[in-house]
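A structural walkthrough
Below, each chain spelled out in residue letters.
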Amino acid sequence: MRYISTRNKEISISSSEAIIQGISKDGGLFVPQILPRIEDLEAMENMHYKEIAYTIMKKFFTDFGPAALKTCIDKAYDNKFDTDIIAPVVEVNNSFILELFHGPTFAFKDMALSILPYLLKESTKITSIQKEIVILTATSGDTGKAALEGFANVHGIKIIVFYPENGVSEIQKKQMITQEGENTFVVGIRGNFDDAQNGVKDIFNDREFIELIDKNNYMFSSANSINIGRLIPQIVYYFYSYSMLVKQKKLNKEEKINIVVPTGNFGNILAAYYAKVMGLPVNKLISASNENNILWDFFRTGVYDKRRELILTSSPSMDILISSNLERLLFHLSGGDDKMVASSMAKLSKEGFYKMDNLNFEDFYSNYSTEEEVKERICKVFKEENYLMDPHTAVAVNVYEKYRSETKDNLKTIIASTASPYKFGNTAASAIGIKTGDKDEFRILEELEDKTKIAVPKAIKTLKDKVILHNNNCNKDDMRQIIEEFLKVGVAND
Ligand SMILES: *Cc1c(COP(=O)(O)O)cnc(C)c1O
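The name that an unreviewed UniProt entry assigns to the protein chain is Threonine synthase, with the source organism given as Tissierella carlieri. Heading Pathway (unreviewed entry) of the UniProt record for the protein chain holds this comment: "Amino-acid biosynthesis; L-threonine biosynthesis; L-threonine from L-aspartate: step 5/5." Listed in UniProt under the heading Sequence similarities (unreviewed entry), the comment for the protein chain reads: "Belongs to the threonine synthase family."

Moving on to the pattern of salt bridges. Counted under the stated rule, the structure contains 27 salt bridges. Notably, a salt bridge pairs Lys276 with Asp363, separated by 3.3 Å at the nearest N-O pair. With Lys276 in helix H12 (residues 267-277) and Asp363 in the loop between strand E13 (353-355) and strand E14 (364-368), this residue pair connects regions lying 87 residues apart in the sequence. Lys276 sits in the buried class, given a relative accessible area of 18%. For Arg308, the salt bridge goes to Asp297, with nearest N and O atoms at 2.9 Å. Residue Arg308 is found in the loop between strand E12 (303-305) and helix H14 (326-333), and its partner Asp297 is found in helix H13 (residues 294-301); the two are separated by 11 residues along the sequence. In this structure Asp297 comes out as buried when scored by relative accessible area, which is 18%. Through salt bridges that share partners, Lys439, Arg443, Glu446 and Glu447 make up one connected network.

Attention now moves to the UniProt feature "domain: Threonine synthase N-terminal" (unreviewed entry) in the protein chain. Here the UniProt feature "domain: Threonine synthase N-terminal" (unreviewed entry) sits at residues 2-77. Secondary structure content for residues 2-77 is 39% helix and 16% strand, while the C-alpha to C-alpha distance between its ends is 26 Å.

What follows concerns empty space enclosed by the protein. Applying the stated rule across the entire model yields five cavities of 30 Å³ or more. Computed from the structure, the largest cavity encloses a volume of approximately 280 Å³. Taken together, 24 residues make up the lining of the largest cavity; nearest its centre are Phe108, Lys109, Gly264, Asn265 and Ser317. A class-by-class count of the residues in the lining of the largest cavity yields seven nonpolar, 14 polar and three charged.

Now for the packing of H14 against helix H15 (residues 338-351). Geometrically, a packed helix pair is captured by the angle between its two axes and the distance between the axes. Packing of H14 against H15 brings their axes to within 9 Å, and their N-to-C directions diverge by 145°. Judged by the sense of rotation from one axis to the other, the crossing of H14 with H15 is right-handed. Contacts between H14 and H15 involve Glu327, Leu330 and Phe331 on the former and, on the latter, Asp338, Met340, Val341 and Met345. Of the residues belonging to the contact of H14 with H15, the class tally is five nonpolar, no polar and two charged.

Turning our eyes to something else, we now look at the sheet that holds strand E5 (residues 95-99). With mixed pairing, the six strands of this open sheet are ordered in space as E4-E5-E15-E10-E11-E14. Only two strands of the sheet have a single partner each, and these edge strands are strand E4 (89-92) and E14. Going from strand to strand, the sheet's axes swing by 25° on average, the running direction of each strand aside. Relative to strand E15 (residues 413-417), E5 is paired through four bridges, and the arrangement is parallel. Across the sheet, the residue bridging to Glu99 is Ser417, located in E15. The strands that H13 touches are strand E11 (282-289) and E14; relative to E14, the one it contacts most, it runs at about 140°.

It is worth spelling out unusual backbone geometry at this point. Excluding glycine, a negative phi dihedral is what most residues carry, and trans is how most peptide bonds are arranged. The backbone of Ser128 shows a phi angle near 55°, a positive value even though the residue is not glycine. Position of Ser128 among the secondary structure elements: in the loop between helix H5 (116-126) and strand E6 (132-138). Classification of Ser128 by relative accessible area gives exposed; the value is 52%. Positioned with a positive phi, Asn217 is a non-glycine residue whose angle comes to about 65°. Position of Asn217 among the secondary structure elements: in the loop between helix H9 (207-215) and strand E9 (218-222).

On to the UniProt feature "domain: Tryptophan synthase beta chain-like PALP" (unreviewed entry) in the protein chain. When the UniProt feature table is mapped onto this chain numbering, "domain: Tryptophan synthase beta chain-like PALP" (unreviewed entry) sits at residues 98-410. Within the segment residues 98-410, helix and strand shares are 46% and 17% respectively, and the terminal C-alpha atoms sit 18 Å apart.

Take the packing of helix H3 (residues 66-76) against H5 next. Where H3 contacts H5, the two axes come as close as 8 Å, and the packing angle between them is 155°. Between H3 and H5, the interaxial angle falls into the category roughly antiparallel. Handedness of the crossing formed by H3 with H5: right-handed. Counted together, Ala68, Leu69, Cys72, Lys75 and Ala76 of H3 and Tyr118, Leu119 and Glu122 of H5 form the full contact between these two elements.

So, on to the site of the ligand. In the vicinity of the ligand there are 15 residues, among which Lys109, Asp142, Gly264, Asn265 and Thr418 approach most closely. A distance of 3.0 Å separates an oxygen atom of the ligand from a polar backbone atom of Phe266. In this structure, the ligand is accommodated by the largest cavity.

On to the nonpolar core, then. Residues Ile56, Met57, Phe61, Ile235, Tyr238 and Phe239 are the most contacted members of the largest nonpolar core, which totals 105 residues. The leading source of residues in this core is helix H11 (residues 236-247), at nine residues. For Met57, the contacting residues outside a window of four places in its chain are Leu69, Ile73, Tyr77, Ile115, Ile232, Pro233 and Val236. One finds Phe106, Val399, Tyr403 and Ile434 within the second-largest nonpolar core, a separate group that totals 37 residues.

Summed over the entire model, instances satisfying the criterion amount to 22 aromatic pairs. Each ring, one from Phe298 and one from Tyr354, has its centre 6.1 Å from the other, and the planes form 75°; the classification is edge-to-face. Within this pair, whereas Phe298 is found in helix H13, its partner Tyr354 is found in strand E13, the two being separated by 56 residues in sequence. Classification of Phe298 by relative accessible area gives buried; the value is 0%.

Note that Asp478 resides in the loop between strand E16 (472-475) and helix H21 (479-487). In this structure Asp478 comes out as partly exposed when scored by relative accessible area, which is 28%. For the pair Asp478 and Gly199, spaced 279 residues apart in sequence, the C-alpha to C-alpha distance is 9.3 Å.

Cut-offs used in this document
Residues numbered from 1 in each chain as written. Predicted model: local features only at pLDDT ≥ 70, side-chain atom pairs only at ≥ 80, totals over all residues. Heavy atoms only, no water. UniProt positions renumbered as here; feature names shortened; annotations may be inferred. Salt bridge = Lys/Arg side-chain N within 4 Å of Asp/Glu carboxyl O. Helix = DSSP H or I, 4+ residues; strand = E, 2+ residues; numbered from the N terminus. Buried < 20%, exposed > 50% of the residue type's maximum accessible area, 1.4 Å probe, protein only. 1 Å grid on protein atoms, 1.4 Å probe; cavity = no way out; pocket = protein on both sides within 12 Å on 5 of 7 lines; lining within 4 Å. Points joined across faces, edges and corners; volume = space filled by probe spheres on them. Nonpolar A, V, L, I, M, F, W, Y, C, P; charged D, E, K, R; others polar. Axes fitted to C-alpha atoms, helices over the stretch in contact; angles between N-to-C directions. Left-handed = near helix turned anticlockwise from the far one by under 90°. Contact = heavy atoms within 4.5 Å. Pairing = 2+ DSSP bridges. Parallel < 35°, antiparallel > 145°, perpendicular 65-115°, else oblique. Near = heavy atom within 4 Å. Polar contact = N/O pair within 3.5 Å; in protein donor to acceptor, adjacent residues only side chain to side chain. Sits in = over half its atoms within 2 Å of the grid points. Core = buried A, V, L, I, M, F, W, Y, C linked by side-chain atoms within 4.5 Å. Phe/Tyr/Trp six-rings, centres within 6.5 Å; stacked < 30°, edge-to-face > 60°.

This is the structure:
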């Protein structure tokens with residue numbers, strides 16, 4: 001299996017090279033040259049999560065030896081997840097909630113970031129790279145902590161995380177700035193997520209800076225959802241949840257389903273799209289946005305227009321104006337038109353928008369939820385079903401209700417639940433009528449626990465008393481400088 005750049009198909013590399021590089025030198029994203037078919041869905045019904053992971057990943061990571069790939073999977077999906085089934089499905093109000101938050105940081109990012117460090121380590125072996133890898137990551141909150149957790153103390157790899165200082169929840173921030181591990185470095189950016197993400201992208205494209213890093217025997221890589229080492233592992237749980245439901249006789253064999261995904265950078269839903277192309281019987285892929293509803297506009301009009309204000313919402317992991325992985329979808333839907341993708345992305349960066357004329361989006365439905373609707377939905381589902389959702393999941397559940405009433409489509413539906421309600425406790429609590437006022441947030445979590453009888457995860461409880469280890473802030477223009485300081489590679493250190 002080769003991986004090609006969405007902006008230049010001539011660039012073609014192996015999976016281990018793509019995992020190390022993260023992003024292509026031309027600014028494009030790597031996509032698998034073909035999407036393999038999974039012929040035998042039935043065989044998956046009796047497989048453990050790890051076995052399905054192997055079945056899928058071996059088709060993509062073809063330069064990994066079978067034993068090495070199995071070891072990566074074993075190390076990733078172990079007891080750092082709080083359930084042996086890794087991704088449980090819960091039936092709520094006739095739909096199936098796929099809980100992707102049972103990993104160490106309580107958000108779906110763990111599904112891929114628990115394996116990426118092992119894939120990356122193995123990739124450096126396969127390609128005989130001697131340099132020390134520096135993971136450079138921008139986060140809207142969840143990626144940062146999940147990546148720190150995954151990479152902390154991994155020998156031969158350093159990790160630097162940039163988060164928007166005022167764009168993440170208090171719990172998310174606390175999770176990151178208390179991160180242990182000599183090889184970790186966390187920095188708050190004075191700006192929003194897009195500033196952080198664009199800053200990181202600029203650095204990846206800065207030849208001069210990369211040369212400086214290279215001279216010092218380092219090389220950059222990324223843990224963002226643009227890395228295929230993130231994207232591919234996310235395909236697994238769609239096959240897994242489907243097979244589990246067939247096995248439990250909640251779905252008939254080959255029965256078509258819808259999949260709803262609360263969407264930000266478009267990585268999770270792109271993985272669902274890949275699953276569909278690979279043979280999972282999927283009807284609609286339902287993309288749910290919060291008030292940053294740029295994708296809703298895009299799927300209706302074909303115009304992607306980022307010339308608008310970013311709105312800070314109660315679902316910060318989806319407060320995004322540039323959904324990077326959409327570039328991959330454009331590439332696939334256009335039959336691999338790399339020139340069109342390259343010029344559209346150039347136009348987006350220069351003029352702030354692009355227009356797609358001839359693409360067929362019939363696999364997708366898109367809509368969004370307002371802040372008001374999110375709170376109402378959390379409250380309603382809790383009251384009627386005794387199920388507590390985090391705001392990201394509520395965005396998705398609410399959009400699904402819109403879809404159902406608009407289309408009258410009654411096909412069974414899997415809804416991706418991307419975070420534990422305790423990760424966004426303030427919103428969850430106030431939605432179900434707990435007065436939050438200016439109470440200490442750990443106090444709020446206790447009240448939430450009292451009212452819902454769902455235990456606060458231990459790792460969140462103990463955050464309260466953890467020591468802050470990272471106290472770094474910078475302007476978005478100073479990211480290079482702070483990297484130089486951490487790696488001790490600047491001119492001043494020559
Ligand atoms: C990252 C994240 C999302 C968005 O996923 P994308 O793959 O970026 O679309 C949704 N919810 C939560 C809780 C997240 O952490």
